[in-house]
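Breakdown of the fold
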Number of protein chains: 2
Amino acid sequence: MTTTYNDKQIQIIESAETLFAEKGFNGTSVRDIAEKANVNLAMISYYFGSKDKLLEALFSYRGEYLKITLENMMGDGTMSSMDKMNTVIDHYIDKVMKQQCFSRIMMREQVLNHTGFTAKLIFEMKKRNQELISRLIHDGQRKGEFRKNIDIPLMMATLIGTANTIVATQHYYREINNLQTLSDEDFQKHMKKKLSQHLKKLFKAILTHEE
Amino acid sequence: MTTTYNDKQIQIIESAETLFAEKGFNGTSVRDIAEKANVNLAMISYYFGSKDKLLEALFSYRGEYLKITLENMMGDGTMSSMDKMNTVIDHYIDKVMKQQCFSRIMMREQVLNHTGFTAKLIFEMKKRNQELISRLIHDGQRKGEFRKNIDIPLMMATLIGTANTIVATQHYYREINNLQTLSDEDFQKHMKKKLSQHLKKLFKAILTHEE
DNA sequence: CACAAAGTTAAACAAATGTTTGATTTAAAC
DNA sequence: GTTTAAATCAAACATTTGTTTAACTTTGTG
């Protein structure tokens, strides 16, 4: 299933990613992409077939990245369920922060298109991630660490929604907190740390506090 | 500042709203809008000048709606700060749920365009809402109801991000919770209630729980 | 070298796009 | 009823769009 792409294809995909994140899929022309990638216009059709297929290629290229890949941690008997959950949170934040362009595209795509290839991919990714978290939570409940009656989809929405909203509106966050003096790198670090603290606190409240 | 629109203009604006929410701004042609609104193509330029200006008109038309308009509640001495905060939460959820199309458009627009008319409007709206909530929180802190060191922008991101993510992916939420049998109306009610409980719980945790 | 496949190109293509035109109809005011 | 402005319309406009063509260069292989 995993397709491999050559250098030129990756150049095109990553140029497209930047532009899609910046101006949206429909707001970006294949000529824009060709120019940014320094390739001839026809190369995009030649390699990917169409603009739509290029988006699909981008999702295949990045898709693996946004999956929570912590299966090996799951069985670890030495970690508490809460520690595991905190690891999942940091893992997710890490991915969103490292792939901000793709996160924006995903955020936009999932609001649109409930059919089609990308919707299907997003849906499966969501489902997969949710199953992992469900297992984690049920383990925690069995051990008495977590309380009962946890609405997992809502919890996921808070994780995904908060992280993506912050990433999407970080210029605003930066201004409101007077962090313009920070270097880009330092600001990213700051934001990541704050986001991590915030979400862990929220999750602790959902998972352990009684009414 | 507040422009009034005649029936035909509103017809166009609301048709555009539906289509923009469904297919995005760039994914919608003015011909699509004209057809949906049952008006001649040229009427859109005639009334609004351009497609971009039509989007601006939509924001002017709906913009007022998404502002949190609870200034009169603020001074109410009989309500606790937590009660006020819960009212703000329900107020926001109510607006997002009632204006799902516009919420989707805003969500998409704020990821894109950090310049331009709509970005400016969103920015001002954000700032205004944040000031209101800041006041509320500082009142609560002064009264000893809320703890210190609350990251308000992060809190706002959780409110906005969670609510909008749920609205944007409600088909998924519905499927995952086996709520397909519910009527649309009942499902909206269900989702609203759950969302309200969830966010109130989160906010209570952020605002009152000590480390 | 010869040959075939893959890569690359400028040009052309048809369709769709946002916008404008100019003629015609409707409505209101005098 | 005449005049004037607003509203409506089909058609045309110039760009931009995604995609294809057909000629070419490059690359690798026997």
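This one's a predicted model, so the numbers in the text were calculated from it and none came from an experiment. Starting from 1, residues in each chain are numbered consecutively following that chain's sequence as written. Each chain is given a letter, starting from A, and each ligand a number, starting from 1, according to the order in which they appear as written. Where totals are concerned, whole chains, interfaces and linings use all residues; where local detail is concerned, this predicted model gives features only for residues with pLDDT of at least 70, and gives and counts side-chain atom pairs only at 80 or more. Excluded from the side-chain calculation are hydrogens and water; included are all heavy atoms of the structure.

With that settled, the discussion passes to the overall build of chain A. Counting its regular elements, chain A contains 11 helices and zero strands. Start at the N end of chain A and walk to the C end: the helices and strands fall as α-α-α-α-α-α-α-α-α-α-α. Along the first, second and third principal axes, the C-alpha atoms of chain A reach 60 × 45 × 30 Å. Categorising residues by exposure relies on relative accessible area from a 1.4 Å probe, with only protein chains included: less than 20% of the type maximum marks a residue as buried, more than 50% marks it as exposed, and the intermediate range marks it as partly exposed. For chain A, the proportion of its 211 residues judged to be buried stands at 52%. Taking the intrachain contacts of chain A between residues at least 6 apart in sequence as the baseline, contacts between residues at least 24 apart amount to 68%. Accessible surface computed for chain A: about 10,000 Å², of which carbon and sulfur atoms make up 48%. Helix numbers and strand numbers start at the N terminus; a helix is a DSSP run of H or I with at least 4 residues, a strand a run of E with at least 2. When checking whether two residues touch, look at their non-hydrogen atoms; a contact exists if any pair is within 4.5 Å. Values of accessible area rely on a 1.4 Å probe in the Shrake-Rupley scheme; residue burial ignores everything except the protein chains shown.

What follows concerns the pattern of salt bridges. Should a side-chain nitrogen of Lys or Arg be within 4 Å of a carboxyl oxygen of Asp or Glu, the pair is scored as a salt bridge. As enumerated under the stated definition, the model contains 18 salt bridges over all chains in all. The closest approach of N and O atoms between Lys 143 of chain B and Glu 145 of chain B, which form a salt bridge, is 3.5 Å. The network of salt bridges with shared partners includes Glu 14, Glu 17 and Arg 62 of chain A.

On to the packing of aromatic side chains. Side-chain rings of Phe, Tyr and Trp, where Trp is taken by its six-membered ring, are said to pair if the distance between their centres is within 6.5 Å; with planes under 30 degrees apart they count as stacked, over 60 as edge-to-face, and otherwise as tilted. Overall, the coordinates contain 16 aromatic pairs over all chains when judged by the stated rule. For the ring pair Phe 59 of chain A and Phe 102 of chain A, a centre distance of 5.0 Å and an interplane angle of 65° mean the geometry is edge-to-face. Of this pair, Phe 59 of chain A sits in helix 4 (residues 51–66) while Phe 102 of chain A sits in helix 7 (residues 100–111); the two residues are 43 residues apart in sequence, bridging distant segments of the chain. Three or more aromatic residues link up through ring pairs in this structure, and these residues are Tyr 5, Tyr 46, Tyr 47, Phe 48 and Tyr 61 of chain A. Definition used: whenever NZ (Lys) or CZ (Arg) falls within 6 Å of the ring centre and also within 35 degrees of the ring normal, the charge is taken to sit over that ring. Here the guanidinium or amino end of Lys 51 of chain B rests over the ring plane of Phe 25 of chain B, the centre of that ring lying 4.4 Å away.

What follows deals with the packing of helix 1 (residues 7–23) of chain A against helix 3 (residues 41–48) of chain A. All names here are of chain A. It is the contact of helix 1 with helix 3, at a shortest axis distance of 11 Å, that shows an interaxial angle of 110°. Classified by the interaxial angle, the pair formed by helix 1 and helix 3 is roughly perpendicular. Along the contact surface, helix 1 presents Lys 8, Gln 9, Ile 12 and Ile 13, while helix 3 presents Ile 44, Tyr 47 and Phe 48. Classification convention: Asp, Glu, Lys, Arg as charged; Ala, Val, Leu, Ile, Met, Phe, Trp, Tyr, Cys, Pro as nonpolar; all other residues, Gly among them, as polar. Residue composition of the contact of helix 1 with helix 3, by class: five nonpolar, one polar and one charged. Axis geometry follows a simple rule: fit a line to the C-alpha atoms, using only the stretch in contact for helices, then measure angles between N-to-C directions, giving values from 0 to 180 degrees. Put simply, angles under 35 degrees are roughly parallel, angles over 145 are roughly antiparallel, angles from 65 to 115 are roughly perpendicular, and the rest are oblique.

Per-residue confidence from the prediction method is given by pLDDT, with values spanning 0 to 100. Mean pLDDT over chain A works out to 91, with 98% of the residues at or above the 70 mark. No element of chain A has a lower mean pLDDT than helix 5 (residues 71–74) of chain A, which averages 82, and none a higher one than helix 2 (residues 30–37) of chain A, which averages 97.

Before going further, it helps to spend a moment on the environment of Leu 179 of chain B. All names here are of chain B. With respect to the helices, strands and loops of the structure, Leu 179 is situated in the loop between helix 10 (170–176) and helix 11 (184–208). By relative accessible area, Leu 179 is classed as buried at 11%. Separated by 11 residues in the primary sequence, Leu 179 and His 190 place their C-alpha atoms 9.4 Å from one another. Not counting residues within four places of it along the chain, the set of residues in contact with Leu 179 comprises Tyr 173, Arg 174, Phe 187 and His 190.

Our next topic: the protein's contact with DNA strand C. Only a single heavy atom is needed: when it lies within 4 Å of a molecule or strand, its residue is near that molecule or strand. Near DNA strand C lie 16 residues; those nearest to it are Tyr 46 of chain A together with Val 30, Arg 31, Ser 50 and Lys 51 of chain B. When atoms of DNA strand C within 4 Å of the protein are split into backbone and base, the sugar-phosphate part holds 49%. We define a polar contact as two N or O atoms separated by no more than 3.5 Å, with the added condition that, inside protein, one atom must be a possible hydrogen donor and the other a possible acceptor, whereas residues neighbouring each other in sequence contribute only through side-chain atom pairs. The separation between a phosphate oxygen of DNA strand C and a polar side-chain atom of Asn 40 of chain A is 3.1 Å. Here Tyr 46 of chain A contributes a side-chain N or O atom positioned 2.9 Å from a phosphate oxygen of DNA strand C.

This part covers the protein's contact with DNA strand D. Among the 16 residues in the neighbourhood of DNA strand D, the closest are listed as Arg 31, Ser 50 and Lys 51 of chain A together with Lys 8 and Met 43 of chain B. Counting only atoms of DNA strand D within 4 Å of the protein, the fraction found in sugar and phosphate groups is 49%. Between Arg 31 of chain A and DNA strand D, the recorded distance is 2.8 Å, taken from a side-chain N or O atom to a base oxygen. Separating a phosphate oxygen of DNA strand D from a side-chain N or O atom of Asn 40 of chain B is a distance of 3.2 Å. Of all the elements in the fold, those that place two or more residues in the surface near DNA strand D are helix 2 and helix 3 of chain A together with helix 3 (42–48) of chain B. If one sorts the elements of the surface near DNA strand D by residue count, helix 3 of chain B sits on top with four residues. Partitioned by chemical class, the residues of the surface near DNA strand D number seven nonpolar, five polar and four charged.

Taken together, the 45 residues of chain A in the interface contact 45 residues of chain B. There are zero salt bridges connecting chain A and chain B. On inspection of chain A and its partner chain B, the count reaches 15 residue pairs in polar contact (both at pLDDT 80 or more). It is helix 9 (residues 152–168) of chain A that contributes the most residues to the side of chain A that touches chain B, 10 residues altogether. Each residue belonging to the side of chain A that touches chain B can be placed in one class, and the counts come to 18 nonpolar, 15 polar and 12 charged.

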